[in-house]
Protein chains: 2
Amino acid sequence: MQFEINKAFIQEIRDLLSEGNHAQIAERIAKIHPADIAEIIQQFREDEANSFFQLIEGEKRAEVFLELDEDYRDELLSSLTSKEIAEQLIGQIDSDDAADVISDLSEKQQAEVMSHLEDDEQVSDIKQLLRYPEDSAGGIMGKELVKVQEDWTLAQGIREMRKQAAEVSEVFTIYVVNNQDQLIGTLSLKKMLFSPTSIKSTFKEIYTTKEPKFIMAHEKAEEAAKMMEKYDLVALPVVDEEMRLLGRITIDDVVDVMKEEAEKDYQMASGLSDKVETTDTVWEVSRARLPWLVIGLFGGLLVAKVIGVYEDAIAQVTQLALFIPLIAAMGGNVGVQSSAIVVQGLANDSINMQTIGQRLWKEFIVALVSGVICAGIVFGFNLIFEDSIKLGMTVGIALFCVIVFAALFGTFIPLMLNKVKIDPAVATGPFITTTNDIFGLVIYFIIAKAFFNL
Amino acid sequence: MQFEINKAFIQEIRDLLSEGNHAQIAERIAKIHPADIAEIIQQFREDEANSFFQLIEGEKRAEVFLELDEDYRDELLSSLTSKEIAEQLIGQIDSDDAADVISDLSEKQQAEVMSHLEDDEQVSDIKQLLRYPEDSAGGIMGKELVKVQEDWTLAQGIREMRKQAAEVSEVFTIYVVNNQDQLIGTLSLKKMLFSPTSIKSTFKEIYTTKEPKFIMAHEKAEEAAKMMEKYDLVALPVVDEEMRLLGRITIDDVVDVMKEEAEKDYQMASGLSDKVETTDTVWEVSRARLPWLVIGLFGGLLVAKVIGVYEDAIAQVTQLALFIPLIAAMGGNVGVQSSAIVVQGLANDSINMQTIGQRLWKEFIVALVSGVICAGIVFGFNLIFEDSIKLGMTVGIALFCVIVFAALFGTFIPLMLNKVKIDPAVATGPFITTTNDIFGLVIYFIIAKAFFNL
C-alpha cells in the first residue's frame, strides 16, 4: 500500500509529539516523502510544527523545508540562526532552491548566511543566480548539470561525469560544450548507456542533437515553460549571450511556473488580486478580495449616477427598470467571454499570427450571431409576458447593441494591453464589466427614449 | 540562432509549395522540430496543408501529426486510407499516442487499421490501452518502458535493456520487477551508469527506491498529475490491482492534463462551455459561448420578473432603480470570488483537511469584513451625493446582506457539488451570479419597502 496522509496519522504524530516520543516519530516518518511531511507540518499548530521540524534529520530536513508554503518557511527561518540556515538548509539543497531561499532574507542576513557556507563554488553559484530576476530563465535555472567537452573520450568523460553527477539529482541530458564552454550539443544518458560505441571514441563523434533547444538567461521564465511544453523537454539548457552554458531549467520548476501562471489568470478572472490559500488568515483573504470589490463598488456607484440621468424616463415607464440587470449582466458575460478567449489565446501563443483587425472582425461576426439569437429570445419573452412591443423592441435592440459592443471591447482591451506589455489578464473581471454596464445602460435608455417618446 | 516561425518563413514555404519545389521544402524543414512544422501547417489553407504534410518524410510525419490540433488531425485522417494510417502514422508512434489516435476513428475503421499493423505486440498494447477511459491513469499511460527482473545480473540486464530502450524515447527510470512482473523498486539511469558496482551484481542488490510511487490504472489521470507534481516525478509507473507493472505515465502527458484542467476551470469561470481556439470557426465559437449566454439571459429574464413584483415600489421611489445594477453586480462579484477560492482549493487538495462548516465559518467572517467596508462606502456616497439617509441605509444594509449571502452561497455550492462528484467549476459563472442577483434584489426591495413605508 502506498502511504497517504489522513487525520488518524496526523493525530498519531501529534500524540507522539506531546509524549516526547521522538524515536517513534523518527521511525514513523523515515519512509515518508518530504512533500508529505511538509503537508503534515502544515496541519500543526506553530509550536508543534517547530518541534516536529527539529526532529527531521539531515538532508531530509532541508527537503521538507523546500516543500513548505511561504508563511511556514518564513516562520521557520526566523526561528533559526544564520549559521543554522547555512548548515542545515542552504548547504543541503540545489543552487536554484538555495538562491530562492536566500533572496527572501534581509540583505544583512544574506551576507551572514553566505559567510557560513563552506563550499566556495556554491557561494559563487548562488551569487550568480541572485543576479537574475525571479521571473527570468536565469532566475529559475539551477547550476547543477552534467557536461562534457567535445574532444574528451567516453572513458575520460565517464570519470568526469561521475564527479559531476554526485551533485545532480536527476541527470536527464548530458550537455556537450566546446573549449570555450559554449553549448554545441546534447547527448541522452540512454544513448550513452546503450550505444555500442567504443569508450575510446570522443563525444564529438557520438553526440546526437547538433542544434539543441536552449534559452537565454535574461528571457522570461514563462518563455522557458512554453518551450519545454511545446518541445516536450524535461530539461532546457540556459546560456548567456555568447552561448556559454550557465545552467539548466528542469521540468519540475517549469511545472510550478505553469501552475502559477494558470492560477494567476484564474484569480484575475475571479476578481482576486492575490493568491488565496484556504489556510490564509481572514485578513490575508480580505486583502486579496477587497481591491476588486471596492473597484466594482465604485463602478456600481458610477452606473447609479449614469442611470440617475434617466430617472425621469424610469419615472414615466417603470417597466424599464425591470431589464436593467439583464442588460448589465449580458454585457458583462459577453465581455468576460471575449476577453477570456483572448487571454487564453495569448497565453498559448496561438493568437500571434492574427492581426488585431482580423480578431475583431471574427469577434464581430460571432457577436452578430449571439446578438441576434439573444435579442430574439428577449423580444419573444416581452411579447408574450409583458405584452409590450415597444418594450420588447427596446430591450431586444439594446441587448443586441450591448452584446456586439461588449464582444469588441472585451477583445480589444486585452489585445491592447498586451501590445503595451501589460498583463492582459487584468482586463478580465470588474473593469470590463463596469464599462460594459455603463455603455449598455446608456444605449438602453437612449433607445427607450426614442421608442417611448420620452 | 534558434529557429523561430515567422510570417516570412511561412510565405517562403508557401511559395515553394506553389512552385512545386519539393526538394527545397524538404531541405528547409529537415532540421525543424515537428512541433514547429505542425504550427506552420496550421497557418495553411486546407489544400496547402494536405500537400505539405505529404512532403514530410517517414517517422517525422507521424510526429508532426501528433502535434496538430484536433480538427487538423481529423481532416488529415479522413484523407488517408486505413492502410496509410496504420503504416505512416500508428506504426511510427508510441502506444499511448497510437491509442489516442485510434480511439477517434469509427469502430469499423479501428478494426481495419489494426489489421494493417505489422507488430503484434503493438496491436495487443493498443487494444489493452483502449480499454481504459481517456481520463484515467491507464488512459494516458504508455506501454513503452524499460524494466529488469530483480534476479538478473547487471550484464544480463544491460543486454535486455538495450533491446527495450530502442522502443522508448526517454528512459528516465528503470523499473525493477519480481518474477510475477510486480513492481518492487526503481533504479535511475544515473545510478546505473555511474555507480561503481560490478556487472556481476544483481539488480536486487543495487536498486534504490524500495517503495516507489505508483498509481493504479483505474485511478483518475488528474490524480497522476497531482502525484507527479507533488513528488517532482518525471515518470510514474502504472500498475494493476495485483501490483503488476502495466505501463508508465511521463511528465509531458501530465503537463497536458494539468494544462487542460486549468484551461477548463478558466473557461467555466469565463462562461465558456467548451475550449475555444482562435482558429475555430464562427459556428464553433458560438456553440461554446451561447449555452451560458442563453442561461444567463433566462436568469436575467427571471430577475426581471422578480423586480416586476416590486414595480410599484420603483414607481413611488424612482431612485431605487439606480442601485439595482450595483446590488446585482456586487452579489455576483463576491459569489464568484468565493467559489473560485473553493474551486482552486479543491484542485490543489489544500481544502481536504477542513470540514464544510469550518470553511463556511471562515468565509462568513471574511464576508462580514468586506460587507461592513462596502456598505460603509455606499452609505457615505449616498449621504454625500444623493442626500438621502433612507436610501443610504437601504442600499448599505442590502449590500451587506447580499455580500454575506453571496459569500456563503458561493462557498457552499462548489463544496456540495464536489461531495456529490460533480465538477465544482460548473458552479462558477452564470449560475451563482443569477441566484445572487435574485436574492440580492429581493432583499433590497424588502428593506426599501420597510424604510420607505411602501
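Along each chain, the written sequence defines residue order, and numbers are assigned to residues from 1. Both sets of labels track the order of writing: A upward for chains, 1 upward for ligands. Local features in this predicted model are restricted to residues of pLDDT 70 or higher, and side-chain atom pairs are both shown and tallied only at a pLDDT of 80 or more, whereas totals for entire chains, interfaces and linings draw on every residue. The basis for every side-chain value is the complete set of heavy atoms in the structure, and neither hydrogens nor water enter the calculation.

1. Thoughts on unusual backbone geometry
Across residues other than glycine, the phi torsion is negative in most instances, and most of the peptide bonds are trans. Residue and element names in this part refer to chain A. What counts is decided by this rule: Where helices and strands are cited, they refer to DSSP runs of H or I of at least four residues and of E of at least two residues respectively, numbered from the N terminus. Residue burial is assigned from relative accessible area. The probe radius is 1.4 Å, only protein chains are included, and a residue is buried under 20% of its type maximum, exposed over 50%, and partly exposed in between.
Positive phi values are uncommon outside glycine, yet D232 reaches one of about 50°. As for its placement among the helices and strands, D232 is situated in the loop between α15 (221–230) and β5 (235–239). Note on D232: relative accessible area 33%, which makes it partly exposed.

2. As for the pattern of salt bridges
Where we set the bar: Salt bridge, as applied in this entry: a Lys or Arg side-chain nitrogen positioned within 4 Å of an Asp or Glu carboxyl oxygen.
Here the structure, examined in full by the defined rule, presents 38 salt bridges over all chains. Here K230(B) and D36(A) are joined by a salt bridge, their closest N and O atoms 2.6 Å apart. In this pair, K230(B) is assigned in helix α15 (residues 221–230) and D36(A) in helix α3 (residues 34–41), connecting two distinct chains. Classification of D36(A) as buried rests on a relative accessible area of 2%. Of the charged contacts in the structure, one is a salt bridge between D47(A) and R45(A), with a shortest N-O distance of 3.4 Å. Relative accessible area serves as the criterion here: at 48%, R45(A) is assigned to the partly exposed category. A single network of salt bridges, built from pairs that share partners, joins R14(A), R45(A), D47(A) and E48(A).

3. Some remarks on the packing of aromatic side chains
Stated formally: Two rings belonging to Phe, Tyr or Trp (six-membered ring only in the last case) form a pair when the distance between their centres is within 6.5 Å. Interplanar angles under 30 degrees mark stacking, angles over 60 mark edge-to-face geometry, and anything in between is tilted. Counted as over-ring charges are cases with an Arg CZ or a Lys NZ within 6 Å of the ring centre that also lie within 35 degrees of the ring normal.
In total, this model carries 15 aromatic pairs over all chains according to the counting rule given. With a centroid separation of 5.3 Å and 15° between ring planes, the pair formed by F405(A) and F409(A) is classed as stacked. With a gap of four residues between them, F405(A) and F409(A) both fall in helix α21 (residues 389–419), about one helical turn apart. On the accessibility criterion, F405(A) (23% relative accessible area) is partly exposed. Residue class for F409(A) comes out buried when judged on its relative accessible area of 17%. Geometrically, the ring pair formed by F44(B) and F52(B) is edge-to-face, given 5.4 Å between the ring centres and 80° between the ring planes. Across this residue pair, the class does not change: F44(B) and F52(B) are buried. Here the aromatic cluster, defined as three or more aromatic residues joined through ring pairs, consists of Y310(A), Y444(A) and F445(A). Just above the ring of F53(A) sits the side chain of R61(A); from NZ or CZ to the centre is 6.0 Å. Residue placement shows K213(A) over the ring face of Y231(A); its charged tip is 4.1 Å from the ring centre.

4. So, the environment of T173(A)
All names here are of chain A. Positionally, T173 belongs in strand β2 (residues 173–177). Looking at T173, the relative accessible area reads 16%, which means it is buried. Residues T173 and P237, 64 residues apart in the sequence, show an inter-C-alpha distance of 9.5 Å.

5. Some details on the packing of helix α19 (residues 324–348) of chain A against helix α20 (residues 356–386) of chain A
Residues and elements named next belong to chain A. Definition in use: Fitting a line to C-alpha atoms yields each axis, with helices limited to the stretch in contact; the angle taken between N-to-C directions then spans 0 to 180 degrees. Any angle that is under 35 degrees is reported as roughly parallel, and any over 145 degrees as roughly antiparallel; angles of 65 to 115 degrees are reported as roughly perpendicular and all others as oblique. For any pair of crossing helices, the crossing counts as left-handed if the nearer helix is rotated counterclockwise from the farther one by less than a right angle, and right-handed if it is rotated clockwise. Contacts are assigned to residue pairs that have any heavy atoms within 4.5 Å of one another. When residues are sorted by character, Ala, Val, Leu, Ile, Met, Phe, Trp, Tyr, Cys and Pro go into the nonpolar class, Asp, Glu, Lys and Arg into the charged class, and all the rest, Gly among them, into the polar class.
The interhelical angle for the contact between α19 and α20, taken along N-to-C directions, is 150°, at an axis separation of 12 Å. Between α19 and α20, the angle falls in the class roughly antiparallel. The two elements α19 and α20 meet at a crossing, and its hand is right-handed. For the pair α19 and α20, contact is made by L326, M330, S338, I341 and V342 and by R359, E363, C374 and V378, respectively. Each residue belonging to the contact of α19 with α20 can be placed in one class, and the counts come to six nonpolar, one polar and two charged.

6. Quick notes on the interface of chain A and chain B
Let me state the cut-off plainly: Note on terms: buried area is the combined drop in 1.4 Å-probe accessible area of two parts once they are placed together, counting the loss on both.
Chain A puts 118 residues into the contact, and the matching count from chain B is 118 residues. Across the chain A to chain B interface the summed buried area is about 10,900 Å²; carbon plus sulfur atoms make up 65%. Our count for the contact surface shared by chain A and chain B stands at twelve salt bridges. Taking the shortest distance from any N to any O, the salt bridge between E363(A) and R289(B) comes out at 2.6 Å. Among the elements that line the side of chain A that touches chain B, the one with the most residues is helix α17 (residues 282–309) of chain A, at 18 residues. Split by residue class, the side of chain A that touches chain B holds 65 nonpolar, 25 polar and 28 charged.

7. Looking at the nonpolar core
What counts, and what does not: In plain words, nonpolar cores are sets of buried Ala, Val, Leu, Ile, Met, Phe, Trp, Tyr and Cys residues tied together by side-chain atoms within 4.5 Å.
Of all hydrophobic cores here, the largest spans 109 residues; its most connected members are I41(A), F52(A), I90(A), I249(A), I251(A), I249(B) and I251(B). Setting aside anything within four residues of it in sequence, one finds I249(A) in contact with A137(A), I140(A), M141(A), I215(A), A224(A), M228(A), V234(A), A235(A), L236(A), V238(A) and V254(A). Counting residues in hydrophobic clusters, the runner-up holds 83 residues, among them V306(A), V378(A), L399(B) and A407(B).

8. Quick word on the confidence of the model for chain A
This is how it is decided: The predictor rates its confidence in each residue with pLDDT, a number between 0 and 100.
Averaged over chain A, the pLDDT score is 87; the fraction of residues at 70 or greater is 96%. For this predicted complex, the interface score ipTM comes out at 0.81, while the overall pTM is 0.82.

9. Quick notes on the sheet that holds β5(A)
Residues and elements named next belong to chain A. The condition is simple: Here a strand pair is declared whenever DSSP counts at least two bridges between the two strands.
As summarised here, the arrangement of the three strands in space is β4-β5-β6, forming an open sheet in which the pairing is mixed. The outermost strands of the open sheet, each flanked by one partner alone, are β4 (215–216) and β6 (245–250). With two bridges connecting them, β4 and β5 associate as parallel partners. Bridging across to β5, I215 finds its partner in V238. Contacts from α15 reach β4, β5 and β6 within the one sheet, and its direction differs from that of β5 by about 135°.

10. So, the pairing of strand β5 (residues 235–239) of chain B
Residue and element names in this part refer to chain B. Burial of β5 is extensive: five of the five residues sit out of reach of the surface. Across the two faces of β5 the burial is the same, with A235, P237 and V239 and L236 and V238 all buried. The loop that links β5 with its antiparallel partner strand β6 (residues 245–250) comprises five residues; one of these, M243, has a positive phi angle of about 70°.

11. Comments concerning the state of the cysteines
Residue and element names in this part refer to chain A. Under the convention used in this document: A pair of cysteine sulfur atoms is labelled a disulfide when the two atoms are within 2.5 Å.
Within the structure shown, the criterion is met by zero disulfides over all chains. A disulfide-free cysteine, C401 has its sulfur positioned 13 Å from the sulfur of C374, the nearest such atom. Taking the relative accessible area as the measure of exposure, C401 reaches 26% and is therefore partly exposed.

12. A word on the relation of the copies chain A and chain B
Which entries qualify depends on this criterion: In superposing the copies, a least-squares fit is computed on C-alpha atoms, taking residues whose pLDDT is at least 70 in both.
When chain A is fitted to chain B, the residual RMSD is 0.1 Å, and the transformation amounts to a turn of 180° plus an axial shift of 0.1 Å. Expressed as an axis order, the relation between the two copies is that of a two-fold axis.

13. Here's the deal with the sheet that holds strand β3 (residues 183–188) of chain A
All names here are of chain A. Pairing is mixed in the open sheet, where three strands are placed in the order β1-β2-β3. Looking at which strands have only one partner, the edges of the open sheet turn out to be β1 (146–149) and β3. Here the average twist between neighbouring strands, direction ignored, is 30°. Both β2 and β3 contribute to a ladder of five bridges, which runs antiparallel. What sits directly across from V176, in β3, is G185. Along the sheet face, helix α12 (residues 154–165) touches β1 and β2 and points at about 155° away from the line of β1.

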